[in-house]
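Structural description and commentary
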Amino acid sequence: MAVRRLADKSIQPKDFAFTAENLAWAKQQIAKYPEGRQASAVIPLLWRAQEQAGGWLPEPAIRTVADLLGMPYIRVLEVATFYTMFNLAPVGRYHVQVCGTTPCMLRGAEALKEVCRRRIGEQMHVTEDGTFSWVEVECLGACVNAPMAQINYDYYEDLTPESFNRILDDLAAGRPVKPGPQIDRQFSAPVGGPTTLTDPSLYTGTGRHGGPSLTDSDAKRPGAAANVSESPVPKAPIADASATTAPSTRRE
Amino acid sequence: MTKLIVDGKEIDVPPHYTLLQACEAAGAEIPRFCFHERLSIAGNCRMCLVELKGSPKPVASCAWGVRDCRPGPNGEPPEVLTRSPMVKKARQGVMEFLLINHPLDCPICDQGGECDLQDQAMAYGTDSSRFKENKRAVEDKYIGVLVKTSMNRCIQCTRCVRFAAEVAGVPELGAIGRGEDMEITTYLEQAMTSELQGNVVDLCPVGALTSKPYAFVARPWELGKTESIDVMDAVGSAIRIDTRGREVMRILPRVNEAVNEEWISDKTRHVVDGLRTQRLDTPYLRENGRLREASWPEAFAAIAARVKAAPPERMGAIVGDLAACEEIFALKDLMTRLSVRNLDCRQDGAALDPALGRASYLFNATIQGIEDAGALLIVGSNPRKEAAVLNARIRKRWRLNHFPIGLIGERVDLTYPYRYLGAGPETLAQLLQGGDFLESLKSAERPMILVGQGALARPDGAAVAALAARLAGEVGAVTDGWNGFCVLHTAAARVGALDLGFVPGPGGKSALEMVQPGALDVLFLLGADEIDVPPGAFTVYIGSHGDRGAHCADVVLPGAAYPEKSGTYVNTEGRVQLAARAAFPPGDAREDWAILRALSDVLGQRLPYDSLGALRRAMYAAHPHLQRIDEIAAGDPADIARLAARAGAVDKAPFKSAIADFYLTNPIARASLVMAECSALAEGHQALTAAE
């Protein structure tokens, strides 16, 4: 993680103000918290400010949020510099976040990063036309579909350099793209279709049960009481096998 | 009380104690960096790890409550080990981590010799590092003219951040970034604006925040240390004056729970360079409109010639804000012998009259008493500027729990919220009629009325004081065991001078009357620089700095500044404190009482004391309470009722704080470059805020 600083003064806008719509939304967020706890709304407000400013947080936005919440400026700056999802420098119209954590790295994230470097340049560099910028991020939680990248709000998974290139081409040309797995796979199901529960009779009502595996009424039938445990009575450890009473797990 | 075994020793501590406090109560030493008694608990340095029997890991003792400890299996008290092999290893590990990114620049670090990290690394660290990678580098930050930063050295204890937010009440410092890249800074590296910012230097356990004016000036082991009392305001903070040779190098706070806890204001701390510049080191005599250097006998002869020619009612003496009781007593003695009745110590014309009793001009509730107060009304004062340390005490009380505060006067940022009631005396009069703030004062236990010099130093000051006293009586601020009528002074000498009765005698002129053109023939100024003296009278100035007083004087007698004399000071509470001498006055300058003693000889009215001891004996005989050092001779609560009875008409002018510029209130501060820089910065900040 690099040192997170505000962008250079020369590219900071002079001022920032929430649009009427966003301001109303912000007031709504603030109202969620009890009197004296307005500072709790700082993250949603910063996020909305980042969205409004085109994907990054200018310095005046930090002050605007602080004033709105009655917080010292430095407290808001602390939050903005702590969370890596707040971009402190301008980003492209499409901000590409390539996962570089172990599963993605093992499945070829390095090649994706190479594509970014070739097409876009260094991390957090915005292309001439303002279309793209990219950054390597930590795990985004789609390890099953590694390697993957997040572009603005969507995940693009099971990428290869070719498919990744194609997505970027399409985005640049304004053609529609399909988020999700880029290979023949449903969500995070196995590649090439399901490998279990493949018996068609499970779904036709002609199997062992003579009906659907689980009917609606089955699902809604009350089960056993929660305190009925099926686990076996714990046995004493081998060394204490001769002990007559079960050892207590709690200290008195 | 909760029983606990610390290193095999059974102790009994209150259940709200932390393990760290309990271990200290048992006599064990716990190293720490982030923990500080007067700040909230952060628990991030991990240096205070101890072993708690039953816990699989060492616990941070500063953040672990005694009541959270589990008893042993058979109900034995919880057992804590502070010297076990596990603790030793844990502390070594923590120290190794702390030192990973700490530069090895102790030889060029100003903290060297008084560094917590240095000391604790010696005691708890290992002798070598296993870290082979690059160290982290952090850019130094600009956070003002008083605090120098070397951020490579920062160990992120966040004491400074917590101090700024909690004690100073100006949350300007923060920790930006995260993890290894966490850095302490102000917002966009703006200068801090707190009057207490110098204290972060003392709080910093390493050399990340050091004193900018003191940078590379001296090493702690080459300094002589003298415990003394501050005179920059009327709080009388306990200070330590560090000297090398005959020069004062720096001033640090001492702990005095009753007065300043362990904080001092920036003026107290950084006025040091003012002690070196603009000093009067030889007598001066005005000839043909210009001051020329003279010898002591020459100067004395010139004074004697004028004094002998002047009738007593055409002579007068004014005492300034930094004078100690000894010289005030000697001056009063000399003037009495000359039958002079025109005496005054109230350069600002404050309506304080010792004839009404001591309680009428003291901060009766005491500074520590602020913590017991239930409600506070501030009248004509800006305690943040007039007594920054006392203001921190009010803030401490406000943070504790419900504490309604009302303000009549200038609407300023006091670092805590308050009810703004109005600007002038008529609001005070209205408050007496009723209103919900009167109700909250009445319903509060032990309410306090704080009256500033801004309310007293005006033509209707006596009437305002009477109104405030009436209000104090009305809301039950004066009861058995509690006197909530508090006068906040701004001058260190004021209460002492009032105690000594340095006010006009029968038929005598007050300070403001004395400086009317043509009022006097001879005027003595004992360090009085805050009053405009018109030409006409033959003016004798006794003082340490070439400031306003010396500029208009006909004879200048060089005196000693406060670190250069042993003197008694009485603070705003009426607490008698003894300031010790740490250095010697420069050149031909002498201690003020000795000047007066020598002058008395020339004037044919020899004062009967040849030593400071003899002078003090005479002073104690006349004013016995002055010999009870560090004690308060409480005023009589009945004085408040007497004061209240002196009602008069008040005018409509709004109250103005007695201090226009916090950094330039006395001749020493005005001679200081550092204070001038602070003042310019503060003014720029104000202009900026006004423009926004």
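Right, let's get into the overall build of chain B. In terms of regular secondary structure, chain B is built from 22 helices and 28 strands. In summary, chain B has a C-alpha radius of gyration of 28 Å against a globular reference of 26 Å for 692 residues, a match within 12%. Projected onto its principal axes, the C-alpha positions of chain B cover 90 × 60 × 55 Å. Taken across its 692 residues, chain B has 61% of its residues classed as buried. With 76 positive and 87 negative side-chain charges, chain B shows a spacing of 2 Å between the two charge centroids.

Tallying secondary structure elements over chain A gives nine helices and five strands in all. Listed by position from the N terminus, the elements making up chain A come as α-α-α-α-β-α-α-β-β-β-α-β-α-α. Across chain A, the fraction of contacts at a sequence separation of at least 24, relative to all contacts at a separation of at least 6, is 61%. Carbon and sulfur atoms make up 55% of the accessible area of chain A, which amounts to about 15900 Å² in all.

This brings us to the domain arrangement of chain A. Taken as a whole, chain A is organised into domain 1 (18-82) and domain 2 (94-181). Between domain 1 of chain A and domain 2 of chain A, the C-alpha centre-to-centre distance is 29 Å.

With that settled, consider the interface of chain B and chain A. Interfaces are often sized by the accessible area lost when the parts come together. With 23 residues of chain B in contact, the opposing surface of chain A contributes 20 residues. Summing the contributions of chain B and of chain A, the shared interface buries around 1800 Å²; its carbon and sulfur component is 54%. In this assembly, chain B and chain A are joined by two salt bridges. Linking chain B to chain A there are seven residue pairs in polar contact (both at pLDDT 80 or more). Those elements that place two or more of their residues in the side of chain B that touches chain A are α4 (159-167), β7 (173-176) and β8 (183-186) of chain B. Looking at the side of chain B that touches chain A, the element that brings in the most residues is β7(B), giving four residues. Within the side of chain B that touches chain A, the residues separate by chemical class into ten nonpolar, six polar and seven charged.

On to the sheet that holds strand β20 (residues 447-452) of chain B, then. Residue and element names in this part refer to chain B. The five strands lie next to each other as β19-β18-β17-β20-β23, forming an open sheet whose pairing is parallel. One side of each edge strand has no neighbouring strand; the edge strands of this open sheet are β19 (419-422) and β23 (485-488). The sheet shows a mean angle of 20 degrees between the axes of neighbouring strands, taken without regard to direction. Relative to strand β18 (residues 405-408), strand β17 (residues 375-379) runs parallel, the two being bridged by four bridges.

What follows covers the packing of α4(B) against helix α10 (residues 388-400) of chain B. Residue and element names in this part refer to chain B. Running from N to C, α4 and α10 point in directions that differ by 85 degrees, and their axes come no closer than 10 Å. Judged by the angle between their axes, α4 and α10 are roughly perpendicular. Counting all contacts with α4, which are made through Ala-165, Glu-166 and Val-167, the residues of α10 involved are Ala-392, Arg-395 and Arg-399. For the contact of α4 with α10, the residue count by class is three nonpolar, no polar and three charged.

All names here are of chain B. Tracing the sequence through the fold places Thr-18 in the loop between β2 (9-13) and α1 (19-25). Judged by its relative accessible area of 10%, Thr-18 is buried. Ignoring sequence-local partners within four residues, the contact set of Thr-18 consists of Ile-41, Ser-61, Cys-62, Trp-64, Gly-65 and Val-66.

A word on the sheet that holds strand β13 (residues 284-287) of chain B. Residue and element names in this part refer to chain B. Read across the open sheet, the seven strands follow the order β14-β13-β26-β25-β24-β15-β16; overall the sheet is mixed. Here the strands that pair on one side only, and so sit at the sheet edges, are β14 (290-293) and β16 (342-344). Each neighbouring strand pair of the sheet contributes to a mean axis angle of 15 degrees, computed without reference to strand direction. Sheet analysis places β13 next to strand β26 (residues 555-558), joined by two bridges and oriented antiparallel.

This next bit is on the state of the cysteines. All names here are of chain B. In total, this model carries zero disulfides over all chains according to the counting rule given. Free cysteine: Cys-34, not disulfide-bonded; nearest cysteine sulfur from Cys-45 at 3.7 Å. Cys-115 takes part in no disulfide bond, and the closest cysteine sulfur, belonging to Cys-109, lies 6.2 Å away. With relative accessibility at 7%, the residue Cys-115 sits in the buried group.

Moving on: the confidence of the model for chain A. Confidence along chain A averages 86 in pLDDT terms, with 81% of residues attaining 70 or more. Predicted confidence is poor over residues 240-252 of chain A, with pLDDT under 50, and the contacts of this stretch with residues over four places away or in other chains come to nine contacts.

Considering all chains together, one arrives at ten aromatic pairs over all chains under this definition. With centroids separated by 5.3 Å and ring planes inclined at 55 degrees, the aromatic side chains of Tyr73(A) and Tyr187(B) adopt a geometry described as tilted. With Tyr73(A) in helix α4 (residues 73-82) and Tyr187(B) in the loop between β8 and α5 (199-203), the pair connects residues from two separate chains. Classification of Tyr73(A) by relative accessible area gives partly exposed; the value is 29%. Considering the side-chain rings of Phe329(B) and Tyr609(B), the 6.3 Å spacing of their centres and the 40 degrees angle between planes classify their relative orientation as tilted.

This brings us to the pairing of β13(B). Residue and element names in this part refer to chain B. With four bridges joining them, β13 and β14 adopt antiparallel strand pairing. Bridging from a neighbouring strand, Glu-287 pairs with Arg-290 of β14. Once β13 ends, the chain turns through two residues before running back antiparallel as β14, passing Asn-288 with a positive phi of about 55 degrees.

Another aspect to go through is the nonpolar core. All names here are of chain B. Ranked by size, the top nonpolar core spans 93 residues in total, and within it Phe-163, Leu-173 and Tyr-562 carry the most contacts. For this core, the leading source of residues is α4, giving five residues. In contact with Phe-163, other than residues within four places in its own chain, are Leu-39, Ala-168, Gly-169, Leu-196, Asn-199, Val-200, Leu-203 and Trp-263. Judged by nonpolar contacts, the second largest core, of 90 residues, contains Ala-299, Ala-323, Leu-500 and Tyr-609.

Okay, unusual backbone geometry next. Residue and element names in this part refer to chain A. At the junction of Ala-146 and Pro-147, the peptide bond is cis and its omega measures out at -5 degrees in the coordinates. Here Pro-147 lies in the loop between β2 (132-137) and β3 (149-151). Positioned with a positive phi, Phe-187 is a non-glycine residue whose angle comes to about 45 degrees. Assignment of secondary structure puts Phe-187 in the loop between β5 (180-181) and α8 (201-204).

What follows is about helix α12 (residues 436-443) of chain B. All names here are of chain B. Where α12 is concerned, the buried positions are Phe-437, Leu-438 and Leu-441. Angular distribution of buried residues about the axis of α12 spans 105 degrees; they occupy a single face of the element. What points out from α12, more than 90 degrees from its buried face, is the exposed set Asp-436 and Ser-443.

Turning our attention to the packing of helix α6 (residues 109-119) of chain A against helix α7 (residues 161-173) of chain A. Residues and elements named next belong to chain A. Relative orientation of the contacting elements α6 and α7 amounts to 35 degrees, with a least axis distance of 9 Å. Seen from above, α6 lies across α7 with right-handed handedness. For the pair α6 and α7, the contacting residues are Ala-111, Leu-112, Val-115, Cys-116, Arg-118 and Arg-119 in the first and Pro-161, Phe-164, Asn-165, Leu-168 and Asp-169 in the second. A breakdown of the residues in the contact of α6 with α7 according to their chemical character gives seven nonpolar, one polar and three charged.

Calculation notes
- Residues numbered from 1 in each chain as written.
- Chains lettered and ligands numbered in written order.
- Predicted model: local features only at pLDDT ≥ 70, side-chain atom pairs only at ≥ 80, totals over all residues.
- Heavy atoms only, no water.
- Helix = DSSP H or I, 4+ residues; strand = E, 2+ residues; numbered from the N terminus.
- Rg over C-alpha atoms; globule rule 2.2 N^0.38 Å.
- Buried < 20%, exposed > 50% of the residue type's maximum accessible area, 1.4 Å probe, protein only.
- Lys, Arg positive; Asp, Glu negative; His and termini not counted.
- Charge placed at Lys NZ, Arg CZ, Asp CG, Glu CD.
- Contact = heavy atoms within 4.5 Å.
- Areas by Shrake-Rupley, 256 points an atom, 1.4 Å probe, with all protein chains shown as cover.
- Domains from an automatic or database assignment.
- Buried area = accessible area lost by both parts, 1.4 Å probe.
- Salt bridge = Lys/Arg side-chain N within 4 Å of Asp/Glu carboxyl O.
- Polar contact = N/O pair within 3.5 Å; in protein donor to acceptor, adjacent residues only side chain to side chain.
- Nonpolar A, V, L, I, M, F, W, Y, C, P; charged D, E, K, R; others polar.
- Pairing = 2+ DSSP bridges.
- Axes fitted to C-alpha atoms, helices over the stretch in contact; angles between N-to-C directions.
- Parallel < 35°, antiparallel > 145°, perpendicular 65-115°, else oblique.
- Disulfide = S-S within 2.5 Å.
- pLDDT = per-residue confidence, 0-100.
- Phe/Tyr/Trp six-rings, centres within 6.5 Å; stacked < 30°, edge-to-face > 60°.
- Core = buried A, V, L, I, M, F, W, Y, C linked by side-chain atoms within 4.5 Å.
- Arc of directions from axis to C-beta.
- Left-handed = near helix turned anticlockwise from the far one by under 90°.

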